[in-house]
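Chain by chain, the residues:
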Amino acid sequence: MRYLRKLGLAAALMAASVAFAKLASAQDWPNRNITVVVPLGAGSASDIISRVVMEQVGRQIGQTVVVENRPGAGSTIGANTVAKSAPDGYTVLVYGAFTSAQALYSKLPYDTLNDFVPVISLGQQPLVIVSSPAKGYKTLGDLIAAGKAKPDALNYSTAGVGSASHFGAERLRISAGFEAQHIPFRGAAEAVTEVVSGRADFSAQLATTTISLINEGKLAALAVSAQKRTAVMPQVPTMIEAGLPADSVYPFYTGMFVPAKTPRPIVERLHREAAQALQAPAVQAILAKLGVEAMPMTIEQFGAFFREDVEAAVALVEAAKIPKQ
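Now for a description of the structure that goes with this document.

Interhelical geometry of helix H7 (residues 188–197) versus helix H8 (residues 207–215) gives an angle of 30° and a closest axis separation of 11 Å. Viewed along their axes, H7 and H8 adopt a mutual orientation that is roughly parallel. The hand of the H7/H8 crossing is right-handed. Each of Ala188, Val192 and Val196 in H7 lies in contact with H8, whose residues at this interface are Thr209, Thr210 and Leu213. Its residues placed into classes, the contact of H7 with H8 shows four nonpolar, two polar and no charged.

What follows is the structure, given as structure tokens:
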């Protein structure tokens, strides 16, 4: 018994020592470079947002922030890199549409809900439902009516399976109750070109990707997939204003995540620094041009929002009968 008590005491001392070391490390954070992993290629929305915001964070904390693009395997390579990294606040994931992989892949090398800590939302970018003016759809209601009148007659183009344009269009289709054929492409540019040409009936794309074509009269903006009208095209009604329920909206946002077990003080510091960076005039000016709108939330609120978004993405894939990969 005495031996067992000694073992118990040793274990307790070791646990206390580890906890103290983590606390000391958290108090010392940051004392070296921070790596931000973006699981998409350079020039993507997540990449630009991460560079703009995190460079400002680096200036605030007096450390260099290095952004690394690690695309591939539907963004799972970059996400897995962060999931398997040390939970010390020096490896951060910045990504939009993080939930699609959880919904689409039957097996992932990480657990989306348990291997990451959601830190903060860096903002959302509304999608706009666009069509060629030659199609004659003046409103979203016209498009929906056409879809219901001739089931499976419509098609829509996207930037690929699991992309924001894919999930955004599926949210619209299921919520409105009509059928349409999915035509995936390798990027947003190709998908938009198909709509302009009239070969695709509609698409759900970022407002900033389509605004110049809308202004030139080459695309018709039918509605924005957002809770409120977007500042970049305030004349376009929301899908809710068009009569669809709130769950028709697809929230395309970019968030910051760290590995699970990252000390809470570090998570809180990252949240505060990023929130402060988002208030910097230079950062706000650049994000405004990208059509990024604020999503102010506490750590707890963003965590709950992220969990609900994962569940909603899984439900969407099941309802739309999108094949798992």
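Moving on, there is more to tell.
Another aspect to go through is the side chain of glutamine 56. Position of glutamine 56 relative to the elements: it lies in helix H2 (residues 45–61). Glutamine 56 sits in the buried class, given a relative accessible area of 15%. Among the polar contacts listed, one links the side chain of glutamine 56 to the side chain of arginine 59, at a separation of 2.9 Å. With near-sequence residues (within four places) excluded, glutamine 56 lies in contact with Ala277, Ala280 and Val283.

Let us now look at the environment of arginine 307. Examined against the element boundaries, arginine 307 turns out to sit in helix H11 (residues 299–320). On the basis of relative accessible area, arginine 307 is assigned to the partly exposed category, the value being 39%.

Pairing within the open sheet is antiparallel, and its three strands lie in the order E8-E5-E9. For this open sheet the edge positions go to strand E8 (203–206) and strand E9 (220–225), each flanked by a neighbour on one side alone. The sheet shows a mean angle of 35° between the axes of neighbouring strands, direction not considered.

Attention now moves to H7. Turning to H7, its buried residues number three or more, namely Ala191, Val192, Glu194 and Val195. Buried residues of H7, viewed axially, fall in a sector of 155°; they line one side. Those residues of H7 that are buried lie in contact with strand E5 (127–131), strand E6 (155–158), E8 and H8. Directly beyond the C-terminal end of H7, a positive phi value near 90° is found at glycine 198.

The rules behind each value
Residues numbered from 1 in each chain as written. Predicted model: local features only at pLDDT ≥ 70, side-chain atom pairs only at ≥ 80, totals over all residues. Heavy atoms only, no water. Axes fitted to C-alpha atoms, helices over the stretch in contact; angles between N-to-C directions. Helix = DSSP H or I, 4+ residues; strand = E, 2+ residues; numbered from the N terminus. Parallel < 35°, antiparallel > 145°, perpendicular 65-115°, else oblique. Left-handed = near helix turned anticlockwise from the far one by under 90°. Contact = heavy atoms within 4.5 Å. Nonpolar A, V, L, I, M, F, W, Y, C, P; charged D, E, K, R; others polar. Buried < 20%, exposed > 50% of the residue type's maximum accessible area, 1.4 Å probe, protein only. Polar contact = N/O pair within 3.5 Å; in protein donor to acceptor, adjacent residues only side chain to side chain. Pairing = 2+ DSSP bridges. Arc of directions from axis to C-beta.

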